[in-house]
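Residue-level listing of the chains:
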Amino acid sequence: NDHGLVWNDGNAEVATRLPAKARLDLPGGYVMIEHGHLHGMQMPSHDSLRNAHPQARMIVYGHSHLLVCDRDKDPWVVNPGAAGRTRTNGGPSCLILYSSEQEWTLESHRFT
């Protein structure tokens, strides 16, 4: 819900101020965050996301609202799923990242 059309009157400017991409520097590397729609409309291509951000330690995208944890190659490509009440595809979900200079650990949570 990162565009103003789905927000109530007076709150649409929140969505319009969101950057198209964001970088989050953490111990041991950085996370790139983007919507993902430019890498495939139905299901964003993980190879395309990796090619766009090869130096990232992890790439977070949304778009599909599907919980995904692709740690088969670097950088990791993840989608926390949907946190709201709609399009949750099995229930609201989130990811928790623990980062240190030596190790990153990712936990996946699904709520009923």
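Above this note sits the structure.
Everything numeric here is computed off the predicted structure, so don't read it as measured data.

## Thoughts on the pattern of salt bridges
Applying the stated criterion to the full structure yields three salt bridges. Between Arg23 and Asp25 there is a salt bridge whose closest N-O contact spans 2.8 Å. What makes Asp25 exposed here is its relative accessible area of 53%. Asp47 is the salt-bridge partner of Lys73, the closest N and O atoms lying 3.0 Å from each other. On the criterion of sequence distance, the pair formed by Lys73 in the loop between β4 (67-70) and β5 (76-80) and Asp47 in helix α2 (residues 46-52) is long-range, its members being 26 residues apart. Under the relative-accessibility criterion, Asp47 is labelled partly exposed at 43%.

## Side note on the packing of aromatic side chains
For the coordinates displayed, the defined rule picks out zero aromatic pairs. When the ring centre of Tyr30 is taken as reference, the NZ or CZ atom of Arg23 above it lies at 3.6 Å. Here the basic side chain of Arg71 rests over the ring of Trp76, its NZ or CZ set 5.8 Å away from the ring centre.

## Examining the environment of His63
Tracing the sequence through the fold places His63 in the loop between β3 (58-60) and β4. In this structure the C-alpha to C-alpha distance between His63 and His35, which are 28 residues apart in sequence, comes to 5.6 Å. Discounting residues that sit within four places of it in the chain, His63 has contacts with His35, Gly36, His37, Gly40, Met41 and Pro44.

## A look at the sheet that holds β3
Strand order across the open sheet formed by five strands is β1-β2-β3-β5-β4, with mixed pairing between neighbours. Among the strands making up the open sheet, the edge pair consists of β1 (21-26) and β4. Taken pair by pair, the neighbouring strands of this sheet meet at an average axis angle of 20°, ignoring direction. Where β1 lies against strand β2 (residues 29-34), six bridges are found, and the strand directions are antiparallel. Paired with Leu24 across the bridge in β2 is Val31.

Cut-offs and rules
Residues numbered from 1 in each chain as written. Predicted model: local features only at pLDDT ≥ 70, side-chain atom pairs only at ≥ 80, totals over all residues. Heavy atoms only, no water. Salt bridge = Lys/Arg side-chain N within 4 Å of Asp/Glu carboxyl O. Buried < 20%, exposed > 50% of the residue type's maximum accessible area, 1.4 Å probe, protein only. Helix = DSSP H or I, 4+ residues; strand = E, 2+ residues; numbered from the N terminus. Phe/Tyr/Trp six-rings, centres within 6.5 Å; stacked < 30°, edge-to-face > 60°. Lys NZ or Arg CZ within 6 Å of the ring centre and 35° of its normal. Contact = heavy atoms within 4.5 Å. Pairing = 2+ DSSP bridges. Axes fitted to C-alpha atoms, helices over the stretch in contact; angles between N-to-C directions.

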